[in-house]
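Architecture at a glance
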Amino acid sequence: MTGMSGPVHLSDPFPEPKPVEGCDVCAELVRQRTEHLKHWRYALAAMCAVELGDHVHKVKGTSS
Ligand SMILES: [Zn+2]
């Protein structure tokens, strides 16, 4: 074991955004981010990650 802590991202230089389950906006942003990363558009991918944490989540009603 090493003294390193936290996850290691070998192929992803940016922290993985955490989409909210059931939020369409999150799902779309994750999709766009993946697409940007495929094309090495890191600035745009980073913007998607920021947007992910910066919008009002619209979760479809699972409440009773
Ligand atoms: Zn969301």
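Residues numbered from 1 in each chain as written. Predicted model: local features only at pLDDT ≥ 70, side-chain atom pairs only at ≥ 80, totals over all residues.

Turning next to the nonpolar core. The biggest cluster of nonpolar side chains holds five residues, and these are Cys 26, Leu 29, Ala 45, Cys 48 and Leu 52. Those elements that place two or more of their residues in this core are helix H1 (24-38) and helix H2 (42-52). Sort the elements by how many residues they give to this core and H2 lands first, with three residues. (Core = buried A, V, L, I, M, F, W, Y, C linked by C-beta atoms within 7 Å. Buried ≥ 20, exposed ≤ 12 C-beta atoms within 10 Å, placed from the backbone. Helix = DSSP H or I, 4+ residues; strand = E, 2+ residues; numbered from the N terminus.)

What follows covers the packing of H1 against H2. The interhelical angle for the contact between H1 and H2, taken along N-to-C directions, is 165°, at an axis separation of 8 Å. On the basis of their axis angle, the class for H1 and H2 is roughly antiparallel. The handedness of the crossing between H1 and H2 comes out as left-handed. Where H1 abuts H2, its residues Cys 26, Leu 29, Gln 32, Arg 33, His 36 and Leu 37 lie against Leu 44, Ala 45, Cys 48, Ala 49, Glu 51 and Leu 52. Looking at the contact of H1 with H2, its residues break down into eight nonpolar, two polar and two charged. (Axes fitted to C-alpha atoms, helices over the stretch in contact; angles between N-to-C directions. Parallel < 35°, antiparallel > 145°, perpendicular 65-115°, else oblique. Left-handed = near helix turned anticlockwise from the far one by under 90°. Contact = placed C-beta atoms within 7 Å. Nonpolar A, V, L, I, M, F, W, Y, C, P; charged D, E, K, R; others polar.)

The first and last C-alpha atoms of H1 sit 21 Å apart over 15 residues, in line with the 21 Å expected at 1.5 Å per residue. All buried positions along H1 are accounted for by Cys 26, Leu 29 and Arg 33. End-on, the buried residues of H1 take up no more than an arc of 65°, which puts them together on one face. Turned more than 90 degrees away from the buried face of H1 sit Asp 24, Arg 31, Thr 34 and Lys 38, all of them exposed. On its buried face, H1 is in contact with H2. Backbone geometry just downstream of H1 places Trp 40 in the positive-phi region, at approximately 60°. (Expected span 1.5 Å × (residues − 1). Arc of directions from axis to C-beta.)

Here the focus is the environment of Cys 48. By the element assignment, Cys 48 lies in helix H2. When the 21 C-beta atoms within 10 Å are taken as the criterion, Cys 48 is described as buried. Sequence separation between Cys 48 and Cys 26 is 22 residues, and the spatial gap between their C-alpha atoms is 9.3 Å. Not counting residues up to four positions away in its chain, the partners in contact with Cys 48 are Leu 29, Gln 32, Arg 33 and His 36.

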